Amino acid sequence: QVQLVESGGGLAQAGGSLRLSCAASGRTFGGNAMGWSRQAPGKEREFVAGINWAGSRIDYADSVKGRFTISRDNAKNTVYLQMNSLKPEDTAVYYCAAGYAELGGRYDFRYWGQGTQVTVSS
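What counts, and at which threshold
- Residues numbered from 1 in each chain as written.
- Predicted model: local features only at pLDDT ≥ 70, side-chain atom pairs only at ≥ 80, totals over all residues.
- Heavy atoms only, no water.
- Salt bridge = Lys/Arg side-chain N within 4 Å of Asp/Glu carboxyl O.
- Helix = DSSP H or I, 4+ residues; strand = E, 2+ residues; numbered from the N terminus.
- Buried < 20%, exposed > 50% of the residue type's maximum accessible area, 1.4 Å probe, protein only.

**Q** Is there a simple way to think about the pattern of salt bridges in this case?
**A** Pairs can form between side chains of opposite charge whenever their charged atoms are close. In total, this model carries 6 salt bridges according to the counting rule given. Note that R67 is salt-bridged to D90, the shortest N-O span being 2.8 Å. Linking R67 in the loop between strand 6 (58-60) and strand 7 (68-73) with D90 in the loop between strand 8 (78-83) and strand 9 (92-101), this pair joins segments that are 23 residues apart in sequence. What makes D90 buried here is its relative accessible area of 1%. A salt bridge links D108 to R110; its shortest N-O distance comes to 2.9 Å. Overall, the relative accessible area of 23% leaves D108 in the partly exposed class. Its relative accessible area of 47% is what places R110 among the partly exposed residues. Taken together, the shared-partner salt bridges connect R38, E46, R67 and D90 into one network.

Laid out in structure tokens, this is it:
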């Protein structure tokens, strides 16, 4: 089993920044990508960002382009999400995910962490 543990969530003011971290451990499943999704109350979970192990493919949702940056440290099996210029609409539970990068900027995530709450006040 793959275990994903997020950290770094919390409360921020509009225009502020937060940095999320996700450490992966457990049995190797052969996946080649990790990323982040989020879910706000009453809404469907949505893709936020994804990255493959080589860093040759990075994708973002249109709503976060230019504000969020995903990165990874393969030696630590850790992926990060730097969130700048936060907006109240970024408020959601953020989930770390692991799986496979597919064609056309899509990802097939198979595993998720427990989630970390991000709240942005106006």
